[in-house]
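# Fold and contact review
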Amino acid sequence: MNRSVQRDAILSELRSVTSHPTAEDIYKSLRVRMPKISIGTVYRNLEQLSAAGIIRKLELSDRLRRFDGDLTPHFHRRCCSCGAVGDIPAERLDALFGELAAAAARHGCSGYQVEFTGVCGKCRSNQNKEEK
């Protein structure tokens, strides 16, 4: 894959955040520094980076494609209230999911994606303030 100024900027932007942004989020952030970048360029480069295994594409149940620059093993949690996506370190769940992945592999599965859902701390805090 050839490097370009736009691709390097997209990758740098994605790796600088832990919010698992959408292509639109990355586009809006980059437009400040690169006013001529197009949304199509962002989408195309994210897809190419994902296909090359340089980043991870998340297709979560909120139906928005999000992207993750962190390729270390980890899981994701999504807030059902605000939609924020965060990380859960893999070491907490590795043993359990290792066994499940091995069982799934025996049935022809080559991977898995797990999404935990709930209400994030910020939304819980806001709900508690509203209840008082």
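I will try to describe carefully the structure that is included in this document. Keep in mind it's a predicted model, so treat the numbers as computed, not measured.

Conventions we followed
Residues numbered from 1 in each chain as written. Predicted model: local features only at pLDDT ≥ 70, side-chain atom pairs only at ≥ 80, totals over all residues. Heavy atoms only, no water. Core = buried A, V, L, I, M, F, W, Y, C linked by side-chain atoms within 4.5 Å. Buried < 20%, exposed > 50% of the residue type's maximum accessible area, 1.4 Å probe, protein only. Helix = DSSP H or I, 4+ residues; strand = E, 2+ residues; numbered from the N terminus. Contact = heavy atoms within 4.5 Å. Axes fitted to C-alpha atoms, helices over the stretch in contact; angles between N-to-C directions. Parallel < 35°, antiparallel > 145°, perpendicular 65-115°, else oblique. Nonpolar A, V, L, I, M, F, W, Y, C, P; charged D, E, K, R; others polar. Salt bridge = Lys/Arg side-chain N within 4 Å of Asp/Glu carboxyl O. 1 Å grid on protein atoms, 1.4 Å probe; cavity = no way out; pocket = protein on both sides within 12 Å on 5 of 7 lines; lining within 4 Å. Points joined across faces, edges and corners; volume = space filled by probe spheres on them.

### Focus: the nonpolar core
- I10, I26, L30, I37, V42, L46 and I55 are the most contacted members of the largest nonpolar core, which totals 15 residues.
- Secondary structure elements with two or more residues in this core: α1 (5-15), α2 (23-31) and α3 (39-51).
- Excluding its chain neighbours within four sequence positions, the residues that come into contact with L46 are I10, L14, A23, I26, I55 and F67.

### Examining the side chain of T22
- In this fold, T22 is placed in the loop between α1 and α2.
- Apart from residues no more than four positions distant in its own chain, T22 is found in contact with L64, R65, R66 and F67.

### Section: the packing of α1 against α3
- Packing of α1 against α3 brings their axes to within 10 Å, and their N-to-C directions diverge by 75°. For the element pair α1 / α3, the angle class is roughly perpendicular. The segment α1 lies against α3, with Q6, R7, I10, L11 and L14 engaging T41, V42, N45, L46, Q48 and L49.
- Of the residues that constitute the contact of α1 with α3, the class distribution is 6 nonpolar, 4 polar and 1 charged.

### Re the side chain of N45
- For N45, the location among the structural elements is in helix α3.
- Overall, the relative accessible area of 5% leaves N45 in the buried class.
- Those residues in contact with N45 that sit more than four places away from it in its chain are R7 and I10.

### Structural notes on the pattern of salt bridges
- Applying the stated criterion across every chain yields a total of 6 salt bridges.
- Between E59 and R65 there is a salt bridge, with the nearest N and O atoms lying 3.6 Å from each other.
- Taking the shortest distance from any N to any O, the salt bridge between E115 and R78 comes out at 2.4 Å. Taken together, the positions of E115 in strand β5 (residues 115-118) and R78 in strand β3 (residues 74-79) put the pair 37 residues apart, joining distant regions of the chain.
- Residues joined in a network through salt bridges with shared partners are E47, K57, E59 and R65.

### Some thoughts on the layout of surface pockets
- Considered as a void within the structure, the largest pocket measures approximately 180 Å³ in volume.
- As for the largest pocket, its lining consists of R56, L58, P73, H74, F75, H76, A90, D94, Y112, Q113 and V114.
- Of all elements in the fold, only β1 (56-59) and β3 reach the threshold of two or more residues within the lining of the largest pocket.
- If one sorts the elements of the lining of the largest pocket by residue count, β3 sits on top with 3 residues.
- Here the residues of the lining of the largest pocket sort into 6 nonpolar, 3 polar and 2 charged.

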